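Structural features, examined
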Amino acid sequence: MAHEGTPEDLVRAAHAAGVTDTRLLEAVRSIPRAEFVPADEVASAYRDTPVPLPHGQVTTQPSLVAMMVSALGLTGDEQVLEVGTGYGWQTALLARLAAYVVSVERWPDLVDEARLRLAGQGVGNAEVVLGDGTLGMPTRAPYDAVIVCAAFPRVPEPLVDQLRTGGRLVQPIGQGGQERVELYERRAHNLVHRRTVTAARFVRLYGAHGYDQR
């Protein structure tokens, strides 16, 4: 199936959104998004648009992924927690930019898909775990950075607890459908709001410290 566009189109979209991190832009260029979308969506993989996934989920728009990842300020030696794996394209970007990624996904079939796709691209420093992302993954804590790919009006407490002092957390804050993506920094006893990254629309965050599971 022919692609509409190329990875360079996603690089341009990320740059237009204000992303200047050259390591991140190179990761967007070299990690094929077409390998991380459902087969019937491959043609549109290099358009800067969300792609539907099973269970009413959607991938995040690529330029928005780049903005959120950029806000974490990764330098290469971080341990990152990702909440919401999808098919793993963002996971692969994070793995390129950090030392290790733990990604928590609540749908078993998405876990299987993401593991297959990451392995297919030779990504060896990312672990996809089935579980409730609002609980984080305490056995691997503390994390230097946390990225949450679904919306809730506040940051789940376990994610705050698992973030090391000085670490950064990005999450869409809202009820699902119209959010502000916020950047926080962990201080000794609390989270401090650093800045609003952008406005965006996200699916809801479900779990023990999110919305009730359906």
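As annotated in an unreviewed UniProt entry, the protein carries the name Protein-L-isoaspartate O-methyltransferase and is attributed to Streptomyces griseochromogenes. UniProt annotates the protein under Subcellular location (unreviewed entry) with the comment "Cytoplasm". The record in UniProt for the protein states the following under Sequence similarities (unreviewed entry): "Belongs to the methyltransferase superfamily. L-isoaspartyl/D-aspartyl protein methyltransferase family."

1. Section: the packing of helix 1 (residues 7–16) against helix 2 (residues 22–30)
Put simply, helix 1 and helix 2 touch, their axes get as near as 8 Å, and they point 150° apart. With respect to helix 2, the axis of helix 1 lies roughly antiparallel. Regarding helix 1 and helix 2, the two cross each other, and that crossing is right-handed. Along the contact surface, helix 1 presents Pro7, Glu8, Leu10, Val11, Ala14 and His15, while helix 2 presents Leu25, Val28 and Arg29.

2. Regarding the pattern of salt bridges
Inspection of the entire model under this criterion finds 9 salt bridges. In this structure, Arg117 and Glu113 form a salt bridge, with 2.8 Å as the shortest nitrogen-oxygen distance. One end of the pair, Arg117, and the other, Glu113, are both in helix 5 (residues 108–120), 4 residues apart, so they sit about a helical turn from each other. Ionic pairing is found between Arg194 and Glu185, a salt bridge with its closest N-O pair at 2.4 Å. Via salt bridges that share partners, Glu8, Glu26 and Arg29 belong to a single interconnected network.

3. Quick notes on helix 3 (residues 62–71)
Burial of helix 3 is extensive: 9 of the 10 residues sit out of reach of the surface. For helix 3, the full list of buried residues reads Pro62, Ser63, Leu64, Val65, Ala66, Met67, Met68, Val69 and Ala71. Downstream of helix 3 by one or two residues, Gly73 has phi in the positive range, about 60°.

4. Examining the packing of helix 2 against helix 4 (residues 89–97)
Interhelical geometry of helix 2 versus helix 4 gives an angle of 135° and a closest axis separation of 10 Å. With respect to helix 4, the element helix 2 is oriented oblique. Every pair of crossing elements has a handedness; the one defined by helix 2 and helix 4 is right-handed. Note on element contacts: helix 4 touches helix 2 through Trp89, Leu93, Arg96 and Leu97, opposite Arg23, Leu24, Ala27, Val28 and Ser30. Residues that form the contact of helix 2 with helix 4 fall into these classes: 6 nonpolar, 1 polar and 2 charged.

5. Observations regarding the environment of Arg96
Structurally, the position occupied by Arg96 is in helix 4. Remark: the alpha-carbon pair of Arg96 and Gly210, spanning 114 residues in sequence, is separated by 29 Å. Apart from the residues within four sequence positions on either side, Arg96 is in contact with Arg23, Ala27, Ser30 and Ile31. In this structure the side chain of Arg96 is engaged in a polar contact, spanning 2.8 Å, whose partner is the side chain of Ser30.

Parameters and conventions
Residues numbered from 1 in each chain as written. Predicted model: local features only at pLDDT ≥ 70, side-chain atom pairs only at ≥ 80, totals over all residues. Heavy atoms only, no water. UniProt positions renumbered as here; feature names shortened; annotations may be inferred. Axes fitted to C-alpha atoms, helices over the stretch in contact; angles between N-to-C directions. Helix = DSSP H or I, 4+ residues; strand = E, 2+ residues; numbered from the N terminus. Parallel < 35°, antiparallel > 145°, perpendicular 65-115°, else oblique. Left-handed = near helix turned anticlockwise from the far one by under 90°. Contact = heavy atoms within 4.5 Å. Salt bridge = Lys/Arg side-chain N within 4 Å of Asp/Glu carboxyl O. Buried < 20%, exposed > 50% of the residue type's maximum accessible area, 1.4 Å probe, protein only. Nonpolar A, V, L, I, M, F, W, Y, C, P; charged D, E, K, R; others polar. Polar contact = N/O pair within 3.5 Å; in protein donor to acceptor, adjacent residues only side chain to side chain.

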